[in-house]
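Here are the chains, one letter per residue:
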Amino acid sequence: MTASTLHIATRKSPLALWQAGHVATRLRAAHAGLRVELVPLSTRGDEVLDRSLAAIGGKGLFLKELENALADDRADIAVHSLKDMPANLETGFAIGAVLARGDAADAFVSNDFASLQALPHGARVGTSSLRRAAQLRAQRPDLEIADLRGNVGTRLAKLDAGGYAAIVLAAAGLQRLDLPERIRARLLPPHWLSAPGQGAIAIESRAGDARVVELVSCLDDPDTRRTTAAERALNAALGGDCTLPLGAWCEIETGALHLHGLLGDARDGRVLRADARGMDPLVLAEEVTRSLRAQGGDALLRR
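Everything in this summary refers to the structure shown in the same document. (Residues numbered from 1 in each chain as written. Predicted model: local features only at pLDDT ≥ 70, side-chain atom pairs only at ≥ 80, totals over all residues. Heavy atoms only, no water.)

### Brief notes about the sheet that holds strand β8 (residues 166–170)
Argument step 1. Overall, mixed pairing links the 5 strands, which are arranged β7-β6-β8-β5-β9 in an open sheet. In this open sheet, the two strands that pair with only one neighbour each are β7 (144–146) and β9 (185–187). Ignoring which end each strand starts from, the neighbouring axes of this sheet average 30 degrees apart.
Argument step 2. Relative to β8, strand β5 (residues 106–109) runs antiparallel, the two being bridged by 4 bridges. Across the sheet, residue F108 finds its bridge partner in β8, namely V168.
Argument step 3. The sheet contacts of helix α5 (residues 130–139) involve β5, β6 (124–126), β7 and β8, and relative to β8 the element is tilted by about 130 degrees.
Argument step 4. Against the sheet, helix α6 (residues 152–160) touches β5 and β8, its axis set at about 165 degrees to β8. (Pairing = 2+ DSSP bridges. Helix = DSSP H or I, 4+ residues; strand = E, 2+ residues; numbered from the N terminus. Axes fitted to C-alpha atoms, helices over the stretch in contact; angles between N-to-C directions. Contact = heavy atoms within 4.5 Å.)

Okay, structure coming up:
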């Protein structure tokens, strides 16, 4: 690998390729003469679509093959949706940069209904997320929540084929794929909480790789790094599992952080909420964790 070449490991889905291409474009613009090449890889999370993510090991399955490419020196960095990354990375890897956050909201997508409230009684709604399922049941206990896997295009195709009255996706993914018209309504915080880190793109590298850190540091957004650090710290404090029915959203208010957290039960729609304000992401995560546990959060975590 020459000093003027950077290899980016990425999943093969259209959204993943868009994100990796976006990072490549930004890096080429920032470093004259830098050659950037994509290394598309297939992950187990992309290949196993007949079972829920929770049943096969969680979102970390989207990372393993990309991290193997880093470890084997086939790639210098990997580009991920930050929401797909576990709260604690395996030894030997680090987050080199977090780009300025896009839309962090979830999107209500339907061909026939304008909002979640407009769905008829018993309507079938698709999602692969326990967090989304818990909030759907909390707001509309009458709905049929059905598992939905696949990339964005696959999920939209299943909706268009009539398999669901509506589905819930990340708004940022639809916008990045030039499909904003598919968003019928944005599900917004603090009433509805998205996944920790949702809407942000992260660059993963080998820990201690000074050359790569220097190259990608120009893409790091301090505000996004700070707010998502609080959200990810909350995830870590509650177990660090990407399959947790956990929602988190941190915003900056007059310089301070305001962290909102939610734990839900995907089976009965029970939802616990807590929030805290302050300056230190780790302290805020601890405060929200204590509040959620005091409300009975441990019982939800054991399910």
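### Side note on helix α10 (residues 281–294)
Argument step 1. Between its terminal C-alpha atoms α10 stretches 20 Å, which fits the 20 Å expected from 14 residues at 1.5 Å a residue.
Argument step 2. For α10, the set of buried residues is P281, L284, A285, V288, T289 and L292. Taken around the axis of α10, the buried residues stretch over an arc of 135 degrees, which confines them to a single face. Turned more than 90 degrees away from the buried face of α10 sit L282, R290 and A294, all of them exposed.
Argument step 3. Against α9 (222–237), β12 (256–264), β13 (271–278) and α11 (297–301) lie the buried residues of α10.
Argument step 4. The N-terminus of α10 is capped by D280, whose side-chain oxygen sits 2.8 Å from the backbone nitrogen of L282. (Expected span 1.5 Å × (residues − 1). Buried < 20%, exposed > 50% of the residue type's maximum accessible area, 1.4 Å probe, protein only. Arc of directions from axis to C-beta. Polar contact = N/O pair within 3.5 Å; in protein donor to acceptor, adjacent residues only side chain to side chain.)

### Let's talk about the sheet that holds β13
Argument step 1. Within the open sheet, the 3 strands sit side by side as β11-β12-β13. Their pairing is antiparallel. Edge positions in the sheet fall to β11 (246–253) and β13, since each has one partner strand and no second. With direction set aside, neighbouring strand axes in the sheet form an average angle of 15 degrees.
Argument step 2. Sheet contacts for α9: β11 and β12; angle to β11, the most-contacted strand, approximately 145 degrees.
Argument step 3. Packed onto the sheet, α10 meets β12 and β13 and runs at close to 150 degrees relative to β13.

### Quick notes on the pattern of salt bridges
Argument step 1. According to the stated counting rule, one finds 21 salt bridges in the structure shown.
Argument step 2. Residue R35 pairs with E37 through a salt bridge whose shortest N-O separation is 2.5 Å.
Argument step 3. Its relative accessible area of 25% is what places E37 among the partly exposed residues.
Argument step 4. In this structure, D84 engages K83 in a salt bridge whose closest nitrogen and oxygen atoms are separated by 3.5 Å.
Argument step 5. One network of salt bridges, with partners in common, ties together D73, D76, R206, D209 and R211. (Salt bridge = Lys/Arg side-chain N within 4 Å of Asp/Glu carboxyl O.)

### Comments concerning the pairing of β11
Argument step 1. Strand direction decides the pairing type here: β11 and β12, joined by 8 bridges, are antiparallel. Along β12, the bridge assignment pairs W249 with H260.
Argument step 2. Here β11 folds back onto β12, and the loop between the two strands holds 2 residues, one of which, T254, carries a positive phi near 45 degrees.

### Topic: the packing of α9 against α10
Argument step 1. Put simply, α9 and α10 touch, their axes get as near as 8 Å, and they point 40 degrees apart. It follows that α9 is oblique to α10 by the angle criterion. Like other packed secondary-structure pairs, α9 and α10 cross with a definite hand, here right-handed. Facing α9, whose interface residues are R226, A229, A230, A233, L234 and A237, α10 presents P281, L282, A285, V288, T289 and R293. (Parallel < 35°, antiparallel > 145°, perpendicular 65-115°, else oblique. Left-handed = near helix turned anticlockwise from the far one by under 90°.)

### Some thoughts on the pairing of strand β2 (residues 35–41)
Argument step 1. By the bridge criterion, 7 bridges tie strand β1 (residues 5–11) to β2 in an arrangement that is parallel. Looking at β2, one finds that L6 is bridged to V36.
Argument step 2. What joins β1 to β2 is helix α1 (residues 14–30), and the crossover it makes is right-handed. (Right-handed = clockwise from strand over helix to strand, strands pointing away.)

### Side note on the nonpolar core
Argument step 1. Among the nonpolar cores identified, the biggest contains 19 residues, and L234, L238, L246, L259, L263, V288 and L292 are the most heavily contacted of them.
Argument step 2. At the level of secondary structure, the elements contributing two or more residues to this core comprise α9, β11, β12, β13 and α10.
Argument step 3. Take this core: its biggest share by element is 4 residues, from α10.
Argument step 4. One finds V23, L34, I201 and L219 within the second-largest nonpolar core, a separate group that totals 18 residues. (Core = buried A, V, L, I, M, F, W, Y, C linked by side-chain atoms within 4.5 Å.)

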